[in-house]
Structure formats: C-alpha cells, structure tokens
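Given next are the chains, with one letter for each unit.
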Amino acid sequence: MAYVLISSLFTYICILLAVAFFTLLERKGLSYMQIRKGPNKVGFAGLPQPLADAFKLLAKEIAKPSMANRLPYFIAPMFSFFLALLLWQLYPSIYSLGYFKSGILFFLCVSGLNVYGTLLAGWSSNSKYALLGSLRAIAQTISYEVSMALVLLFPLFLIGTFSFIEVQEGQSNLWLAFIMIPVALIWLVTCVAETNRAPFDFAEGESELVSGFNIEYGSAGFALIFLAEYANILVMSLFSSVIFFGGSSMVFFSSDFMFMIKVLFFAFAFIWVRGSYPRFRYDLLMSLTWKGFLPVALSFLLMMLVLSYLLYF
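Note that the coordinates shown come from a computational prediction; the quantities given were computed from them, not determined experimentally. (Residues numbered from 1 in each chain as written. Predicted model: local features only at pLDDT ≥ 70, side-chain atom pairs only at ≥ 80, totals over all residues. Heavy atoms only, no water.)

Trainee: So what exactly am I meant to see when it comes to the overall build of the chain here?
Mentor: Secondary structure summary: the chain contains 12 helices and 0 strands in total. Ordered by position in the sequence, the α and β elements of the chain form the string α-α-α-α-α-α-α-α-α-α-α-α. Radius of gyration (C-alpha) of the chain: 20 Å, near the 20 Å computed for a compact globule of 313 residues. With the C-alpha coordinates aligned to their principal axes, the bounding extent of the chain is approximately 65 × 50 × 45 Å. A total of 313 residues make up the chain; the buried ones form 45% of that total. Restricting the contact set of the chain to residue pairs at least 6 apart, pairs at least 24 apart contribute 77%. (Helix = DSSP H or I, 4+ residues; strand = E, 2+ residues; numbered from the N terminus. Rg over C-alpha atoms; globule rule 2.2 N^0.38 Å. Buried < 20%, exposed > 50% of the residue type's maximum accessible area, 1.4 Å probe, protein only. Contact = heavy atoms within 4.5 Å.)

Shown next, in the form of structure tokens:
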C-alpha cells in the first residue's frame, strides 16, 4: 500500500512538472512563430519561468467575489484538476499502477464529466461573462463528444478490445491512422475542441467574454484551472498516439522512445494550431460538428459494419 501511494505521488509530481514546462514550450513556440523572443529573463534562457509563475500564483491571496456562491466557487477548480489527474491513471505502460480492461469506457466517462468543472466555475462566479463562457462550453461539449465517441468505435471494431494497452499492441504492424485517415483527422480536431484550445476556445473568448468562465478566478484557483487544461492537452496527445499511432515500426529505436516522440509531436501540434489559426465563429463550430463530423463518422462506421458483416459470413 505504501509503495502504491509513493508511486502515485511520484507520478503526479512528474505530471505537474511536465505541465509546467509545457507552458514554457508553448510560450517559446508561439513567440518564435510571431518573430519575438518569449520568456528569456528569469534564469538561464527563461527556463525557471514556469516555477516562478507557479510560486507567484500560489503565493497570492485567495479572493472571492462578494456575490459568488462560496462552496461551488472553490470546488470547481479542484474538481477539474482531479478529473485531469484521473485520466492519467489510463497511461498505457508496463509501469502503470493498474490495468484498466475497459480503459476506453473509463476515458469516455471521465471526459464527459470535464464540462461540469467549467459549468460549476462559470455558474458559481455569478458573472455574466463567466456564465456565458460555461454555457458555450456545454453546447460545445455536447456537439463534439457525440462524434468523438463514434470515432472511438473504429479501433474497437478493428482490434476488438476496450483496453488502451491492447489497442497499442494491436498496431505493431500497421498504424490505424493509415487505414482511416479521415477518421484520424476528425479525432485530432475533436481533441483540440475537447481541451478548449484555439481555434475552438469559445469558453475563454477574450474578444467577447473578457476571459470567459475563469474571469473571477485568481491565485490558486486560476493555477488549478490551467493545470487541468494543460494536463488534458498532454493526456489527449498521449491517447492520440495510442489509438491511431500506437505501434512502433522503427527497429532502430525503442518503443518507449518512439512513443515519447509521438506524444511530444501531438502536444506541439496544439501549439502549432494556436499559432496558425484565428478563433472560429461559434456557429461555424456547431455546423462543423453536427453537419460535418457526425455524418462522416456515421457513414464510415456503417461502411465498417457492412464490411465486417461480409467478411464474417
């Protein structure tokens, strides 16, 4: 029991460090895309900047708006952070503490709960900007999580398992992304929307909602909200690598090294997209998900069911 607790604590510390330095990677990456330097004053080349930011946020006084609902206001950031760490229990590795036979179902359940943290933060702040941001997040989540669940059915039908580890091992000869390129692209765009990232960051639209659902948060609450967001970016990059790019066909490198490279590539893709595209109009996202992703996912799913039926008989 003590070993499990120590191992879990070490894992979460590593996740928090990874999230902290991913924020530095994002700031550096965006700055060079925009032909500027980014953080370079704190320490050597700005490397301690994430630690300085964390210390600054955690050292600030925790203030509450006078009209906010006290208990939900403080619970919302902790709830979002807890769900983000919970998804990391699905990390597909031989060093994981537990083996989830139905890991994909667990992923769908936890990711479906993510919107409640945003909703709770927006409603409890008792601010019109925060409430509008949280309502946007609800509609956005309903729109893309339907197609996301359908996309997850493709690897399940091809490999026949709910386990991330078995999905990864089932791609030792051929990546699933090569079999279903349109479905993989739908998944990648859905991951960007899942994490509330540009160009789908409607819950935090600065131009019309000031800062969106987190406008009334500062200090530790603000830090927990953004730790949860960046932890979700890394875990969605990890699941993208597992589901569609799981196996390693590179014989000169270890599978762990290749897995790390793939996760870093997808994590950097989030930054790349943010630096390349402006924010969409809200009605365009609704049209994209309901009129674009959903019919395409259903059509491909029907085609796969027909092919499976014909091959079986």
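Trainee: In this structure, what is going on with empty space enclosed by the protein? I would like to understand it.
Mentor: A probe as big as a water molecule, rolled over the atoms, marks out the empty space that is left. Enumeration according to the criterion identifies 3 cavities of 30 Å³ or more in this entry. Along the wall of the largest cavity there are 21 residues; nearest its centre are Asn114, Thr118, Glu194, Asn196 and Asn232. Secondary-structure elements contributing two or more residues to the lining of the largest cavity are α3 (70-87), α4 (103-124), α5 (128-159) and α10 (219-244). Residues that form the lining of the largest cavity fall into these classes: 8 nonpolar, 9 polar and 4 charged. (1 Å grid on protein atoms, 1.4 Å probe; cavity = no way out; pocket = protein on both sides within 12 Å on 5 of 7 lines; lining within 4 Å. Points joined across faces, edges and corners; volume = space filled by probe spheres on them. Nonpolar A, V, L, I, M, F, W, Y, C, P; charged D, E, K, R; others polar.)

Trainee: Just checking my understanding: could you explain α10 for this structure?
Mentor: Helical geometry: 3.6 residues make up each α-helical turn, so side chains three or four residues apart lie on a common side. Taking 1.5 Å of rise per residue, 26 residues should cover 38 Å, and α10 covers 38 Å from first to last C-alpha, within 8% of that figure. With 21 of its 26 residues buried, α10 lies for the most part within the structure. (Expected span 1.5 Å × (residues − 1).)

Trainee: Help me out: how do you make sense of the UniProt feature "transmembrane region" (unreviewed entry) in the chain in this one?
Mentor: In this structure's numbering, the residues bearing the UniProt feature "transmembrane region" (unreviewed entry) are residues 6-25, 71-91, 103-123, 144-162, 174-193, 222-245, 251-273 and 293-312. Overall, residues 103-123 shows 100% helix and 0% strand. The separation of its end C-alpha atoms is 31 Å. Annotation note: span residues 144-162, helix share 84%, strand share 0%, distance between end C-alpha atoms 21 Å. (UniProt positions renumbered as here; feature names shortened; annotations may be inferred.)

Trainee: Mind showing me how you'd approach the pattern of salt bridges here?
Mentor: Between side chains of opposite charge, a pair can form when the charged atoms approach closely. Applying the stated criterion to the full structure yields 6 salt bridges. A salt bridge links Arg27 to Asp53, with the nearest nitrogen and oxygen atoms 2.9 Å apart. Note that Arg27 is positioned in helix α1 (residues 2-33) and Asp53 in helix α2 (residues 49-59), a separation of 26 residues in sequence. Judged by relative accessible area, which is 23%, Asp53 ranks as partly exposed. Residues Asp283 and Arg281 are paired through a salt bridge, measuring 2.9 Å at the closest nitrogen-oxygen approach. Salt bridges sharing common partners tie together Glu26, Arg197, Glu229 and Arg274. (Salt bridge = Lys/Arg side-chain N within 4 Å of Asp/Glu carboxyl O.)

Trainee: How do you make sense of the layout of surface pockets when you look at a structure like this?
Mentor: Considered as a void within the structure, the second largest pocket measures approximately 950 Å³ in volume. Lining the second largest pocket are 36 residues; nearest its centre among them are Thr23, Leu57, Phe222, Phe226 and Tyr230. Counting only elements with at least two residues in the lining of the second largest pocket, the list comes to α1, α2 and α10. If you tally residues by element for the lining of the second largest pocket, the top one is α1, at 9 residues. Looking at the lining of the second largest pocket, its residues break down into 19 nonpolar, 5 polar and 12 charged.

Trainee: Help me out: how do you make sense of the packing of aromatic side chains in this one?
Mentor: Given two aromatic rings, one states the distance between the centres and the angle between the planes to describe the pair. In the structure shown here, the tally under the stated rule is 15 aromatic pairs. Between Trp175 and Phe245, the ring centres sit 5.4 Å apart and the planes meet at 75°, which makes this aromatic pair edge-to-face. Placement of Trp175 in the loop between α6 (164-169) and α7 (176-179) and of Phe245 in the loop between α10 and α11 (255-276) is noted, with a sequence separation of 70 residues between them. No difference in accessibility class separates Trp175 from Phe245, as the two residues are buried. Judged by centre distance (5.5 Å) and plane angle (70°), the rings of Phe265 and Phe266 are edge-to-face. Phe266 gets classed as buried once you look at its relative accessible area, which sits at 9%. (Phe/Tyr/Trp six-rings, centres within 6.5 Å; stacked < 30°, edge-to-face > 60°.)

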